[in-house]
Amino acid sequence: MPAETKDRIVGAGAELFRRQGYTGTGVKQIVAEANAPFGSLYHFFPGGKEQLAGEVIRWSGGMYAQVVLAAIAPAKDPLHLIELFYTGAAQHLRETNYEDACPIATVALEVASTSEPLRQATAEVFDGWIKGLAARLVAVGAPEAEARELAVAMLVALEGAFVLSRAGRTTEPLEIAGRAMAEVVRNALAHC
């Protein structure tokens, strides 16, 4: 079976897990969405849905990291980076009708306590995101000693704001999180 079939399965899994969650998505639905023979899922992922989900998490995490880093690349300073980060997230949520928030958090919330392989996959992705954000913060002038803590705070605020924004179908939580994080960064810069 060609690798393109595997790519279609991973892509379909990513889309369905993001929108419906891990437990709400069945393997038959994934292969149907991927327009792939049912046996191909187990050909590429002998560990079944859990193995596929681990690959989907890592693939999605890498893709989202690239999108976010590209969106904040024009940042001139840490405060501009915060603005780009949260306004971009709010715009994306509106454009996707509040359906496309964070696919990693969606799965992590569901299975971190029940699947060690998926907990590890989500933890790896979040750690990579934190490192990427911290490096970008330092590149635009944030204090290196505080960059990781700021990156963790940004991600925590973003994920929480996504949950509230999706539930309320409003970007107000993202806007508030952005303002709060700008204040945190302003304070960090003032104490340098």
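All values reported here derive from a predicted model rather than from experimental measurement.

Visitor: Help me out: how do you make sense of the packing of aromatic side chains in this one?
Guide: Aromatic ring pairs are reported here in terms of the distance separating the ring centres and the angle at which the planes meet. Evaluated as defined, the whole model comprises four aromatic pairs. A ring pair is formed by Phe17 and Tyr22, whose centres lie 5.5 Å apart and whose planes are at 50 degrees; its orientation type is tilted. Across the pair, Tyr22 and Phe17 agree in class, each one buried. Between Phe126 and Trp129 the ring centres are 5.6 Å apart and the planes differ by 75 degrees, which places this aromatic pair in the edge-to-face class.

Visitor: What should I look at first to understand the environment of Ala134 in this one?
Guide: Within the secondary structure layout, Ala134 lies in helix H7 (residues 116-139). Judged by its relative accessible area of 10%, Ala134 is buried. A C-alpha to C-alpha distance of 15 Å links Ala134 and Leu84, two positions 50 residues apart in sequence. Not counting chain neighbours up to four residues away, the residues in contact with Ala134 comprise Ala147, Arg148 and Ala151.

Visitor: Is there a simple way to think about helix H9 (residues 172-190) in this case?
Guide: The periodicity of an α-helix, 3.6 residues per turn, causes residues three or four places apart in sequence to face the same way. The end-to-end C-alpha separation of H9 is 27 Å, in line with the 27 Å expected for 19 residues at 1.5 Å each. All buried positions along H9 are accounted for by Pro173, Leu174, Ala177, Gly178, Met181, Ala182, Val185 and Ala188. Buried residues along H9 sit against helix H5 (78-95) and helix H8 (144-168).

About the cut-offs
The residue numbers shown here count from 1 along each chain, following its written sequence. Totals for whole chains, interfaces and linings use every residue, but because this is a predicted model, local features are given only for residues with pLDDT of at least 70 and side-chain atom pairs only at 80 or more, for both listing and counting. With hydrogens and water excluded, all non-hydrogen atoms of the structure serve as input to the side-chain values. In summary, the pairing rule links any two rings of Phe, Tyr or Trp, Trp by its six-membered ring, whose centres are within 6.5 Å, and it sorts them by plane angle into stacked for under 30 degrees, edge-to-face for over 60 and tilted for everything else. Exposure classes here rest on a 1.4 Å probe applied to the protein chains alone. A residue is buried below 20% of its type maximum, exposed above 50%, and partly exposed in between. Going along the chain from the N terminus, every DSSP run of H or I of four or more residues is numbered as a helix, and every run of E of two or more is numbered as a strand. Between two residues, a contact is recorded if the distance between any of their heavy atoms is within 4.5 Å. Any helix carries an expected span of 1.5 Å times its number of residues minus one.

No statement about biological role is implied by the geometric values presented.
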